[in-house]
Amino acid sequence: MAMPPWMMANLSGEQTPVFRFINERFKSYSLPVALVVLTLVCFIFALIGSTAMFWTMNGRLPENLLAVVAVTTLVAATPLILQSMPTIKYLQESSDRLRRTRDELAARVADLDAIGRDLDAARNDLEDRVERRTRELEIARYAAEDANEAKSVFLARMSHELRTPLNAIIGFSELLSHPDALSPERKMKHLEEYATTIHGSGKHLLSLVNDLLDLSKIEAGELELHAERIDLATLLDDVQGLIGPQAKAKGQGLICEAAQGTMVSDRRAAKQILLNLLSNAVKYSPRGTTISLACTTTAQDVVFTIRDQGVGMTREEIGRAMEPFGRLSGVETTSEPGTGLGLPIVVSLASAQGGTFTLSSVPGSGTEAQVTLPRNVAQTMEAVATA
């Protein structure tokens, strides 16, 4: 049985419409499945065609129709299979490559999305860091400006504090040393007065220098604390013995409430804190008033409280008094000027030992200063160092 032309393949390699149809329909199947399906299709078409032809021509079907159809199908399918196999295989390989390419592109798109998200996060983080750093720089600039202004104020106050006793020392010493400045009789008359003024100015200058050295050591972290066990009653007796004569000279009463127990602290620092506070109370309290020093203890702390009946201070004046050389106008009523460093040194010494200092005052009703120190400064400093 001759093969119809519509099933013939062009020998030049070009595909007829039948082969193009087959390739399009079978490219998604695996090669074995495609061959089986193609053979079945050829067999069905051959069977239908042969049955129709034999029935039309003879009016009956031959007994060996199936064998004839099978042979015809094999003959007709062979060229189709031979020409379709490479194409189907190529299309399947192309489809596999396209799937792999699609998967690779999807993976790259996912990677690009991840990179984009990372870049967005990095950009946001960089913007936050730049903004935070800008704020920090602005804060640092303001702090530097404040520090520069504070330095200028500090130097101005310090130069004034140094110049005042130096002028007194130089002026009175010139009066005593210059032969034509005063007559011998007047020199002898005022010798003790001038010598007392020179001595007082020298002591004030020495006190100022010592306070400056102490304050600079504290702020530089070079203050050496030597912890030892201190009997609180003995400490208060020592302080009362030093401040008592000054209070008595002004007609003031000094009351020290008896303290029980001990503390482990730096003796010199603890004594200087109490001396500075009591000295201020004596200086800025009028004659006939009473100054009290009380000491109370807990399991962890020792609290020193100094109360006076002086002129008192406002909140703004308290803040100014806590600054170096922060003395208040109208309050200096004593003949011996202060350095303006007493309270800053108290604050620094208390802080260096892990303690606190508070100052409360009401104008016209006196002032209360309270210092709280750890019962054992050595243990507190060790805990801070190991934290």
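None of the values given here were measured: they were computed from a predicted structure. (Residues numbered from 1 in each chain as written. Predicted model: local features only at pLDDT ≥ 70, side-chain atom pairs only at ≥ 80, totals over all residues. Heavy atoms only, no water.)

A. Geometry of the sheet that holds strand β7 (residues 366–374). One open sheet accounts for five strands, arranged β2-β4-β5-β7-β6; its pairing is mixed. One side of each edge strand has no neighbouring strand; the edge strands of this open sheet are β2 (253–256) and β6 (356–362). The sheet shows a mean angle of 10 degrees between the axes of neighbouring strands, direction not considered. Of the strand pairs in this sheet, strand β5 (residues 301–307) and β7 are connected by seven bridges, and their pairing is antiparallel. From the neighbouring strand, F304 faces β7, where its bridge partner is V371. Set on the sheet, helix α8 (residues 342–352) makes contact with β6 and β7; between it and β6 the angle comes to about 145 degrees. (Pairing = 2+ DSSP bridges. Helix = DSSP H or I, 4+ residues; strand = E, 2+ residues; numbered from the N terminus. Axes fitted to C-alpha atoms, helices over the stretch in contact; angles between N-to-C directions. Contact = heavy atoms within 4.5 Å.)

B. Structural detail: the side chain of T367. Residue placement: T367 occurs in strand β7. The exposure class of T367 is buried, given its relative accessible area of 13%. Within polar-contact distance, the side chain of T367 engages the side chain of S361 at 2.9 Å. With residues near it in sequence (within four places) discarded, T367 still touches I306, R307, D308, G312, M313, L359, S360 and S361. (Buried < 20%, exposed > 50% of the residue type's maximum accessible area, 1.4 Å probe, protein only. Polar contact = N/O pair within 3.5 Å; in protein donor to acceptor, adjacent residues only side chain to side chain.)

C. Broad picture of the packing of helix α6 (residues 267–283) against α8. α8 packs onto α6 with a crossing angle of 150 degrees between their chain directions and a minimal axis gap of 9 Å. Taken together, the axis directions place α6 and α8 in an arrangement best described as roughly antiparallel. At the point where α6 passes α8, the crossing takes the left-handed sense. Contacts between α6 and α8 pair A269, Q272, I273, N276, L277 and N280 from the former with G342, L343, I345, V346, L349 and A350 from the latter. When its residues are assigned to classes, the contact of α6 with α8 shows eight nonpolar, four polar and no charged. (Parallel < 35°, antiparallel > 145°, perpendicular 65-115°, else oblique. Left-handed = near helix turned anticlockwise from the far one by under 90°. Nonpolar A, V, L, I, M, F, W, Y, C, P; charged D, E, K, R; others polar.)

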